[in-house]
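Tertiary structure, described
Given next are the chains, with one letter for each unit.
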Amino acid sequence: MSLVPASSYGPAPLAETYRGRALGPPRPPDEVPTGTNVLGALLLFVADLMLLAALVTAWFTIKAGSPSWPPPRTSVGTYIPTVVGITAIMSAFTVQWVVSSVRRNDQRTAIAALVLTLILGICIFNAQWYYMARARFGVADHAYGALFHLLIGYHLVHIGIAILALTLLGARALAGHFGRENYEPLKAAAAVWQYSNFVLLIVITVVFLFSAHA
Amino acid sequence: MAMTETSPGELAPDEPAVPQEAAPPAPTAGPGAAGNDHKNVGSQYLGMALMFLLAGGVVALLMRAQLASPDADLLNDREYRSLLTFHGTFSVFLFLLPAWIGVATAIVPLQIGAGRLAFPRLQVLAMWLAFSGGALVTASAFATGGRRLISGWSLADPIPEGGAFRGEAVEFLVIGIAFVLAGAVLAAANLITTIIRFRADGLTMRRVPLFTWSVLVSGIVTLLTAPVLIGGMGMLYVDHHFGAHIFSGFTSSGGGSPVLWPRLFWFAAYPFLFALLLPALGAVSEVVAVFARRPIADHAKAVAALTAVGVLAFAGWGSEVPTLQDARWLFAAGALAVLAPIASVVLNWLLTLKDAEDRSLLRSTPMMLALGFVAVLAAGLGASAVSAVDATGDLHANYWQVGQQHLLFFAPATIGFVAAVHYWGPKWWGRHLSAGVGKLEALLLVGGSLLAFLPALVLGLQDMPVRTSSYPGDDEWQAMNAAMSLGSVVLVLGVLAFVLNLLFSVVLKRGTVAPTDPWEGHTLEWFAPSPPPRHNFDKLPEVRSATPLLDLRTAEPAPAGAEAGEA
């Protein structure tokens, strides 16, 4: 095997073969392989979960070293989180309903389901906001307060982003941008929605199921 | 940025004039716009990295000037320790991180035969996040309380909250670092998606070049650790800005936990340091194989070893946390285990070099830098093994720690980066960096690293504590401190030579015009013109192994020996 000098083959010649090897065209620059957007979103969800994991770690580390958790005379109630949880579960179904309607090319049902989902989302946002506002402690009062607001606020940010994404994509759906052949962006927005519900699940589990609340 | 202004029309005189397909006019917006070209974005990342490399070097020089002689009064203790904070922050978050993201952004799509990144505009957003983060960190030095940032880059001694840290400097610093890391998360997700979805036909995951593989592993580690650091920075911000007590001790109203921050920080920062070393291992793997004129001795083993570094990097973090003494043996095992795959990669290189066809090629600039990398890394591996098994914990509190971290992470990652720029520069910008100056750089950087950081190990044995800002004249520490200061001057000279080389050869276009494949490379990037057009490739060769271009060069005119080149 002898090595030929580097200059013996120049910049990609346009022949079909070169030194006995087939030369093929590269992927066209504007062609996006299937699953690219889904993979990118998935990776960002993983990163986002690691951020949540940092907050949850802080919660459990501090809880382990505290004489009482939550601190004495701190009551947050479980009524609103229960309502929020049930609403989130309902919205998880309606948002899938949007996607499946678009897949069936059923524009009218899709829009009805979309409006319903957005209303549920705004209810969740509103209830969480109200929950933070009526808590009788602030971020600065104790570590419990800081982490309580951080965790609930973390979900609030996510449901906010999900509402925004679904509103924008919903407007495009109204304009008839999506159909049986083409609904990936809508699917991605629905994934963001479901992810925000997943965050809620973790937050509720950490804040309520693993802490003594009267 | 001037560095990226390339003239595609200039080819070497001996290059055959090959008709290129007429390139479509560059759109001014959208994913395909010239500003979103991954080579441009990479160059801009590189510009930022070099700025902070110089800044970090100047800060280090100031610190070493203070410690060069006993009883010096150039800096007081507080000034020294605030400079230490900025030296660490600049080097890790604002130099090494953007440097490797920059090289990966420019080279990875070329190496896998892709025309673009998966999300071209996301990388631009990531770059601007890094820029703004860098600006915020810089601003923190000049903001109120900037002189009181004495906590070190781990922000742990002491945790910057409460009355002693009044002023917005802390907030600028933590938000700045969080911005840089947020950019790193986006860039990592983008690079991982590109590597998994945009590979050329035939380039299976098993055939992915080692640099691309190292970027994949490093990206996954970054994706898992940077968000934890962002969460930590966010909580520090809440503590400082809103007066919360997450990281402060127990108070009557229910405080937080002072042991939380070191655990949170080192759980993420420890693997993160390996994520910054990994691309250097990948880049040097490419350099070694290409200049040995043969494929790497065992490609599969190198892939497995790089992956193992990424996995085992998560095992040793507790050895940096003083409050986790009870579980020390566990983390010591982790800290030792991660060194084994690194050593395995180095052995793989040595086996490759053993059968090198042309020994004279070992004197070429990228190869000299690669060999220097091995020398420094070997010292780092030894020092790390010793501190991993040190049962007293002293070697984590004295200058052994300084020597070990610089010899294992910072010096090799920097030398590997310089080697990568020398190796891929001709492809990236179509201009060679000066080879003569490059050899001088190799000498200064490798010599400076050894001169600066081997004495640090001796100082560790003499029990000089980390963060010492002054020492009395009758001390045994004097000689080694003088050597370290001299080494730091040599290192900064090496960095200056590198930056000036880049400036003259590439920005001012004084460098030799590079042909398509100046090094007789093995991987697909050397099939694209130098510099590559916006879409990178007009045609791609068939890929049947990890070294498609080596196959092409050694192929018989008839398509026989289909698996040629597979090690």
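What you see is a predicted model, and the numbers here were worked out from it, not measured in a lab.

**Considering the overall build of chain A**
Tallying secondary structure elements over chain A gives 5 helices and 2 strands in all. Listing each helix as α and each strand as β along chain A from the N terminus yields β-β-α-α-α-α-α. Across the 214 residues of chain A, 36% fall into the buried class. Counting contacts in chain A only where the partners sit at least 6 residues apart, residues at least 24 apart contribute 77% of the total.

**Regarding the overall build of chain B**
Across its full length, chain B holds 14 helices and 1 strand. Seen through its principal axes, chain B has C-alpha atoms that stretch 80 × 50 × 45 Å. Expressed as a percentage of its 567 residues, the buried residues of chain B come to 62%. Intrachain contacts of chain B at a sequence separation of at least 6 include 82% that bridge at least 24 residues.

**So, the environment of Gly-153 of chain A**
All names here are of chain A. Along the chain, Gly-153 falls in helix α4 (residues 143-174). The class for Gly-153 is partly exposed, based on 17 C-beta atoms found within 10 Å. Residues Gly-153 and Gln-128, spaced 25 residues apart in sequence, show a C-alpha to C-alpha distance of 8.1 Å.

**What about unusual backbone geometry?**
With an omega dihedral of 0°, the bond running from Trp-69 of chain A to Pro-70 of chain A counts as a cis peptide bond. Within the fold, Pro-70 of chain A resides in the loop between α1 (36-65) and α2 (79-103). The omega angle of the peptide bond from Asp-157 of chain B to Pro-158 of chain B is -10°, so this bond is cis rather than trans. For Asp-71 of chain B, which is not glycine, the phi torsion reads 55° and is therefore positive. By the element assignment, Asp-71 of chain B lies in the loop between α1 (38-68) and α2 (77-111). Overall, Asp-71 of chain B belongs to the exposed group, with 10 C-beta atoms counted inside 10 Å.

**Details of the nonpolar core**
The biggest cluster of nonpolar side chains holds 258 residues, and the ones touching the most others in it are Leu-147 of chain A together with Leu-306 and Ala-419 of chain B. With 25 residues, the top contributor of residues to this core is helix α6 (residues 260-291) of chain B.

**Some remarks on the environment of Ile-246 of chain B**
Along the polypeptide, Ile-246 of chain B turns up in the loop between α5 (210-242) and α6. Spatially, the C-alpha atoms of Ile-246 of chain B and Leu-236 of chain B are 7.9 Å apart, while their sequence positions differ by 10 residues.

**Some thoughts on the packing of α6 of chain B against helix α10 (residues 365-389) of chain B**
What describes two packed helices is the angle between their axes and the distance between those same axes. Residues and elements named next belong to chain B. Packing of α6 against α10 brings their axes to within 9 Å, and their N-to-C directions diverge by 130°. One way to sum up the angle between α6 and α10 is to call them oblique. Here the hand of the crossing between α6 and α10 comes out left-handed. Every residue of α10 that contacts α6 at Ala-280, Val-284, Val-287, Val-288 and Phe-291 is listed here: Pro-366, Met-367, Ala-370 and Phe-373. Residue classes in the contact of α6 with α10 are distributed as 9 nonpolar, no polar and no charged.

**Quick look at helix α5 (residues 184-209) of chain A**
Residue and element names in this part refer to chain A. The terminal C-alpha atoms of α5 lie 36 Å apart, and with 26 residues this matches the ideal 38 Å at 1.5 Å per residue to within 8%. Taken as a whole, α5 has its buried residues at Leu-186, Ala-189, Ala-190, Val-192, Trp-193, Ser-196, Asn-197, Val-199, Leu-200, Val-203 and Val-207. Packed against the buried residues of α5 are α1, α2 and α4.

**Let's talk about the environment of Asn-40 of chain B**
Relative to the helices and strands, Asn-40 of chain B is located in helix α1. Taking the C-alpha atoms as reference, Asn-40 of chain B lies 9.6 Å from Trp-429 of chain B; in sequence the two are 389 residues apart.

**Re the confidence of the model for chain B**
Residues and elements named next belong to chain B. This prediction gives chain B a mean pLDDT of 89; 91% of its residues lie at or above 70. Scored below 50 in pLDDT, residues 1-21 shows 32 contacts in the model against residues more than four places distant or in partner chains. Prediction confidence for the complex, expressed as pTM and ipTM, is 0.91 and 0.88 respectively.

**What to know about the confidence of the model for chain A**
Here chain A averages 85 in pLDDT, while 89% of its residues score no lower than 70. Scored below 50 in pLDDT, residues 1-14 of chain A shows 31 contacts in the model against residues more than four places distant or in partner chains.

**Remarks on the packing of α1 of chain A against α4 of chain A**
All names here are of chain A. For the pair α1 and α4, interaxial distance at closest approach is 10 Å and the crossing angle is 155°. Relative to α4, the element α1 lies roughly antiparallel. Crossing angle aside, the handedness with which α1 passes α4 is left-handed. Here α1 contributes Leu-52, Leu-55, Ala-58, Trp-59 and Ile-62 to the contact with α4, which in turn contributes Ala-143, Leu-147, Leu-150, Leu-151 and Tyr-154. When the residues that make up the contact of α1 with α4 are grouped by side-chain class, the tally is 10 nonpolar, no polar and no charged.

Conventions adopted
- The numbers attached to residues start from 1 for each chain and follow its sequence in the written order.
- Key to labels: chains lettered from A, ligands numbered from 1, both in the order written.
- Two thresholds apply to this predicted model, a pLDDT of at least 70 for residue-level local features and 80 or more for giving and counting side-chain atom pairs, whereas whole-chain, interface and lining totals are computed over all residues.
- A helix here means a DSSP run of H or I that spans at least four residues, while a strand means a run of E at least two residues long, and both kinds are numbered starting from the N terminus.
- Burial is judged by counting other C-beta atoms within 10 Å of a residue's own C-beta: 20 or more means buried, 12 or fewer means exposed, and anything between counts as partly exposed, with every C-beta placed from the backbone.
- A pair of residues counts as a contact when their C-beta atoms, built from backbone coordinates, are separated by no more than 7 Å.
- Nonpolar cores are built from buried Ala, Val, Leu, Ile, Met, Phe, Trp, Tyr and Cys residues. These are joined into a set through C-beta atoms within 7 Å.
- Only the stretch in contact is used when fitting a helix axis, every axis being a line fitted to C-alpha atoms; angles between N-to-C directions are given from 0 to 180 degrees.
- Roughly parallel means an angle under 35 degrees; roughly antiparallel means over 145; roughly perpendicular covers 65 to 115; every other angle is labelled oblique.
- Helix crossings are classified by the rotation of the near helix relative to the far one: an anticlockwise turn of less than a right angle makes the crossing left-handed, while a clockwise turn makes it right-handed.
- Each residue gets one label: Ala, Val, Leu, Ile, Met, Phe, Trp, Tyr, Cys and Pro are nonpolar, Asp, Glu, Lys and Arg are charged, and the others, such as Gly, are polar.
- Expected helix span is taken as 1.5 Å per residue step, with the number of steps being one fewer than the number of residues.
- On a range of 0 to 100, pLDDT expresses the predictor's confidence in each residue.

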